[in-house]
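In case you want the letters, here they are:
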There are 2 protein chains.
Amino acid sequence: MRSNEEQIFDEYIRSTGLRETEQRKRVLKTFLATTEHVSVEDMYRIVNEKSRKVGYATVYRTMKLIAESGLAVEVVFNDGIARFEHRLGRKHHHHLVCTNCGKVIEFESTAMDRGEQEVLAKYKFRQTSHHYEIFGFCRECQSESRDG
Amino acid sequence: MRSNEEQIFDEYIRSTGLRETEQRKRVLKTFLATTEHVSVEDMYRIVNEKSRKVGYATVYRTMKLIAESGLAVEVVFNDGIARFEHRLGRKHHHHLVCTNCGKVIEFESTAMDRGEQEVLAKYKFRQTSHHYEIFGFCRECQSESRDG
DNA sequence: TTACGTGCAAACCATTTGCAGCTTT
DNA sequence: AAAGCTGCAAATGGTTTGCACGTAA
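Residues numbered from 1 in each chain as written. Chains lettered and ligands numbered in written order. Predicted model: local features only at pLDDT ≥ 70, side-chain atom pairs only at ≥ 80, totals over all residues. Heavy atoms only, no water.

## Observations concerning the protein's contact with DNA strand D
Right, so step 1: Lining the immediate surroundings of DNA strand D are 19 residues, of which Tyr60 of chain A together with Arg19, Lys53, Thr58 and Arg61 of chain B lie closest.
Right, so step 2: Considering DNA strand D, the proportion of its atoms within 4 Å of the protein that are sugar or phosphate atoms stands at 67%.
Right, so step 3: Take alanine 82 of chain A: an N or O atom from its main chain is 2.9 Å from a phosphate oxygen of DNA strand D.
Right, so step 4: Between DNA strand D and glutamine 23 of chain B, the relevant distance is 2.9 Å, taken from a sugar or linking oxygen to a side-chain nitrogen or oxygen of the residue.
Right, so step 5: Those elements that place two or more of their residues in the surface near DNA strand D are helix H4 (56-68) of chain A together with helix H2 (22-33) and helix H4 (56-68) of chain B.
Right, so step 6: Ranked by residues supplied to the surface near DNA strand D, first place goes to H4 of chain A with four residues. (Near = heavy atom within 4 Å. Polar contact = N/O pair within 3.5 Å; in protein donor to acceptor, adjacent residues only side chain to side chain. Helix = DSSP H or I, 4+ residues; strand = E, 2+ residues; numbered from the N terminus.)

## Focus: the protein's contact with DNA strand C
Right, so step 1: DNA strand C sits among 19 residues. The nearest are Arg19, Lys53, Thr58 and Arg61 of chain A together with Tyr60 of chain B.
Right, so step 2: Each atom of DNA strand C within 4 Å of the protein belongs either to a base or to sugar and phosphate, the latter forming 67%.
Right, so step 3: Separating a phosphate oxygen of DNA strand C from a side-chain N or O atom of threonine 21 of chain A is a distance of 2.9 Å.
Right, so step 4: Measuring from a sugar or linking oxygen of DNA strand C, one finds a side-chain N or O atom of glutamine 23 of chain A at 2.8 Å.
Right, so step 5: Counting residues per element, the surface near DNA strand C draws most heavily on H4 of chain B, which supplies four residues.

Okay, here's the thing in structure tokens:
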């Protein structure tokens, strides 16, 4: 029994003539079990928690494949490190990133999405990707940093 | 006779107890003469066009100061290289980045700005900065890449 | 068998930093 | 003089790559 995601990945692998390897399956399984935005370093650590099986380079290469297969999107916050989040079955959203505690809040905005469509139409621009991140202080960190 | 921008930079320098040096003046003057989004490498090249006077590290350090003074904003497109654009007297805007020819189109969107305000209010998030870039193919590069 | 994949270490590359010597204040 | 700067070169750090060996097909 394999998940829908694993089927999608297999299909992608097969369709491009690549091979199904232990490492790729292991990295994919690990990624599917995550819920937060994971960096390659995170992935490397989790994958090799029980036994060192997969090299750093392979994690990089496999995360790229997973993104290409459509299962993940790469996002970059303010530290310049690539992170990956699930894409399948997730609504389109953006991020509020707290630069104090590192918390990441996901949000949707139909107003912004509509605005984006207008802009694309106006400039006849064919979008392939985009990123939108708002940086600042989350509710909790505001009261913390605001001294009376 | 010095420009408004130069006055602002001077004031920033003075207010923070820093020093007014030849290198800083030269880098600032060079930046003020640019119109496009310039990288540090661009700046280094232009500054030293006529005579090699300013080191790479100093250009980095000075661009950071210029950004801190409020005269520039740092933007990062899809190549991970920091670029700087003028801020003084410029309206708030975002970018359409053509991944084929590298063209950068600036746009404004009140719909998106309004959407952003709604989100900030909803999450009681205090914004300090944000970035929004849309990647894809510009009008010209679409017809180019689309073969019949 | 024959590509393709892996792991290691080395390479990359934008950016930062240590430090000796030089300038502004 | 004292406190900052500068420039060079070396360090940093995430990511990529070359290559000999391993493994899926």
